[in-house]
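Descriptive analysis of the structure
Chain by chain, the residues run as shown.
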Amino acid sequence: MDADFWRERWQLGQTGFHKSRANPLLLRFWDDLALSSEESVLVPLCGKSLDMIWLREQGHPVLGVELSRLALEEFIVEQSLECTWQSQGDFAVAQCGALALYCGDYFKLDAEKLASITAVYDRAALIALPPPMRKRYVEHLRACLPGGWQLLLITLDYQQQERAGPPFSVPDAEVKALFEGCKIAMLQEEEVLDQHAVFKQEGMTELVERVYLILAD
């Protein structure tokens, strides 16, 4: 799975992962991070998620990173944002007030770009990646973030043989292994297959959604 896979998904409109409203789990659990409104939030693999708008409305400066320029341009138009594009190294960056949209490879982010980040919101990044890339994704995140970071993570867990990802199944044991040394609290665990008719029609027999609060080691 490479960058072209995701660019093609956006070009073909195969974006069932995009939601038309802010995620209810974000609204329910965000206060568990106990952040001040001025603290900056990273949204990796952000697409055109409305979660970024909600986070910005809470006062947070938001940095979203996304491979697809099309996704970001659609987001800007749909949300009537006034943005200016500029080149910053490996990224094209749309600056929309306190919302910065980085178009480029997540793995090209570095500690300098993330120096102001204190929190991360991941609803669709970890579960979008196959196992080897998940490990690399988390290692890169932990290497680049400044100390004291917090992460609100949402995962899905199912029998991987029942369906090819993405979204991929990320079991609880893998989350604990990926974030070994961090403080991990599971905020919610819920069977949600009945809420996903397409997955059920594809023959899936279970689908567990989990919400985690993860604190830096």
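The following paragraphs examine the structure supplied in this document. (Residues numbered from 1 in each chain as written. Predicted model: local features only at pLDDT ≥ 70, side-chain atom pairs only at ≥ 80, totals over all residues. Heavy atoms only, no water.)

So, on to the pairing of strand 4 (residues 91-96). Of the strand pairs in this sheet, strand 3 (residues 84-88) and strand 4 are connected by 5 bridges, and their pairing is antiparallel. Bridging across to strand 4, Gln 86 finds its partner in Val 93. The turn linking strand 3 back onto strand 4 is made up of 2 residues, and Gly 89 within it adopts a positive phi angle of 65 degrees. Counting the residues in the hairpin turn of strand 4 and strand 5 (residues 99-103) gives 2 residues, including Gly 97, whose phi is positive at 65 degrees. (Pairing = 2+ DSSP bridges. Helix = DSSP H or I, 4+ residues; strand = E, 2+ residues; numbered from the N terminus.)

Our focus in this paragraph is the nonpolar core. Where a protein is soluble and globular, its nonpolar side chains tend to be buried together. Within the largest apolar cluster, 39 residues are counted, with the highest numbers of intra-cluster contacts made by Phe 179 and Ile 214. Every element with two or more residues in this core is listed here: strand 2 (62-66), strand 4, strand 5, strand 6 (117-122), helix 5 (131-144), strand 7 (150-157), helix 6 (172-178) and strand 9 (208-215). Per element, the largest residue contribution to this core is 4 residues, and it comes from helix 5. (Core = buried A, V, L, I, M, F, W, Y, C linked by side-chain atoms within 4.5 Å. Buried < 20%, exposed > 50% of the residue type's maximum accessible area, 1.4 Å probe, protein only.)

Moving on: the state of the cysteines. Applying the stated criterion to the full structure yields 1 disulfide. Cysteine Cys 103 shares no disulfide, and the gap to the nearest cysteine sulfur, in Cys 46, comes to 9.2 Å. Free cysteine Cys 182: the closest other cysteine sulfur is in Cys 144, separated by 14 Å. Assessed through its relative accessible area of 13%, Cys 182 is described here as buried. (Disulfide = S-S within 2.5 Å.)

As summarised here, the arrangement of the 9 strands in space is 3-4-5-2-1-6-7-9-8, forming an open sheet in which the pairing is mixed. Sheet topology places strand 3 and strand 8 (183-191) at the edges, where each strand pairs with a single neighbour. Sheet twist, expressed as the average angle between the axes of neighbouring strands with direction ignored, equals 20 degrees. Taken strand by strand, helix 4 (residues 69-78) contacts strand 2, strand 3, strand 4 and strand 5, and its axis lies near 155 degrees from that of strand 5. (Axes fitted to C-alpha atoms, helices over the stretch in contact; angles between N-to-C directions. Contact = heavy atoms within 4.5 Å.)

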